[in-house]
Amino acid sequence: MRTPFLIWILQLVSLTEGLDDTKVLRYRRSSTASRPCPAGCATCSALNGCLSCKPRLFFHLELDGMRQRGTCLSSCPRGHYGTRSQHISTCTRCKEDCASCFSENFCTHCHPGHFLFRGKCEISCPNGLTANAALRECTECSTGCEVCVRRNVCVRCRADLYHLHGLCHPSCPRGFEPDVQLMHCLPQVHCVVGEWTDWGPCVRRRSMRAYRRGEETRTRRVLQSPSASGDPCPHVSETRKCVIKKRQKSPIRL
């Protein structure tokens, strides 16, 4: 295993301080006696950090500039999985296409451009599943749905079905009407009219033979026009019979 081998190398390197002025290699023990180890370390060196960990902790190599330093963690960071053994527990990097994983062969999240399916990160999803770019996983859609965000949140239905509230319908439910171009169910819009105006003046029509008989009219406005299957507008004009008031004759001036 690569990580235990690196640990052994770090332990060996920790015995050296470096080259002196004459470039002669000197060995010495770890400087743990003069400087306390970071939390979780069983042994350490000032140069390479943790060399071994306390029980139940994972040994992990972190980049510190151009150098790798050992750390001891209760859980492995994202992109790594923990492996326990009798002698040492280590953090191992996931496969390249996995953003995070549970073990070497079981991914839990994928990098962009890959989709999680049964613990593996695939470039495309099998038939019947949708490649969900937001979740980066292969999602099982509801019946009739071609593209979905989650199982009950469809964003595109089959060509012969209508879309409404994230689901696909063979026909629009009560209170909705179909848009056959977009294949969506839209809310029905019913006609709304305003209040009647006052009755207008009594006017005599030419067709009326009765003297002093006429008609008066009142109207109301359409405030909201109905949709194709909404309730139609009622009549907006009314006429009724009326009696024309006799004009008072003005007094004759002498």
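Above this text sits the structure in question.
Residues numbered from 1 in each chain as written. Predicted model: local features only at pLDDT ≥ 70, side-chain atom pairs only at ≥ 80, totals over all residues. Heavy atoms only, no water.

*Asks:* Would you mind going over the state of the cysteines with me for this structure?
*Replies:* Two cysteines joined by a covalent bond between their sulfur atoms form a disulfide. According to the stated counting rule, one finds 14 disulfides in the structure shown. The partner cysteine of Cys-110 in its disulfide is Cys-121, sulfur to sulfur 2.1 Å. With the S-S bond torsion at -95°, the cross-link from Cys-110 to Cys-121 turns out left-handed. In this pair, Cys-110 is assigned in strand β10 (residues 106–110) and Cys-121 in strand β12 (residues 120–122), connecting sequence segments eleven residues apart. We classify Cys-121 as buried; its relative accessible area is 8%. Shown here is the disulfide that connects Cys-125 with Cys-138, its sulfur atoms set 2.1 Å apart. Looking down the S-S bond of the Cys-125 and Cys-138 bridge, the torsion is -90°, so its handedness is left-handed. Within this pair, whereas Cys-125 is found in the loop between β12 and β13 (129–132), its partner Cys-138 is found in strand β14 (residues 137–140), the two being separated by 13 residues in sequence. Neither residue differs from the other here; Cys-125 and Cys-138 are each classed as buried. (Disulfide = S-S within 2.5 Å. Helix = DSSP H or I, 4+ residues; strand = E, 2+ residues; numbered from the N terminus. Buried < 20%, exposed > 50% of the residue type's maximum accessible area, 1.4 Å probe, protein only.)

*Asks:* Explanation requested: the environment of Thr-217 in the structure shown.
*Replies:* By the secondary structure assignment, Thr-217 is in strand β22 (residues 213–219). Along the chain, Thr-217 and Lys-241 lie 24 residues apart, while their C-alpha atoms are 9.1 Å from each other. If we ignore the near neighbours within four places in the chain, the residues touching Thr-217 are Asp-198, Trp-199, Gly-200, Ser-237, Glu-238 and Thr-239. A polar side-chain atom of Thr-217 sits 3.4 Å from a polar atom in the side chain of Thr-239. (Contact = heavy atoms within 4.5 Å. Polar contact = N/O pair within 3.5 Å; in protein donor to acceptor, adjacent residues only side chain to side chain.)

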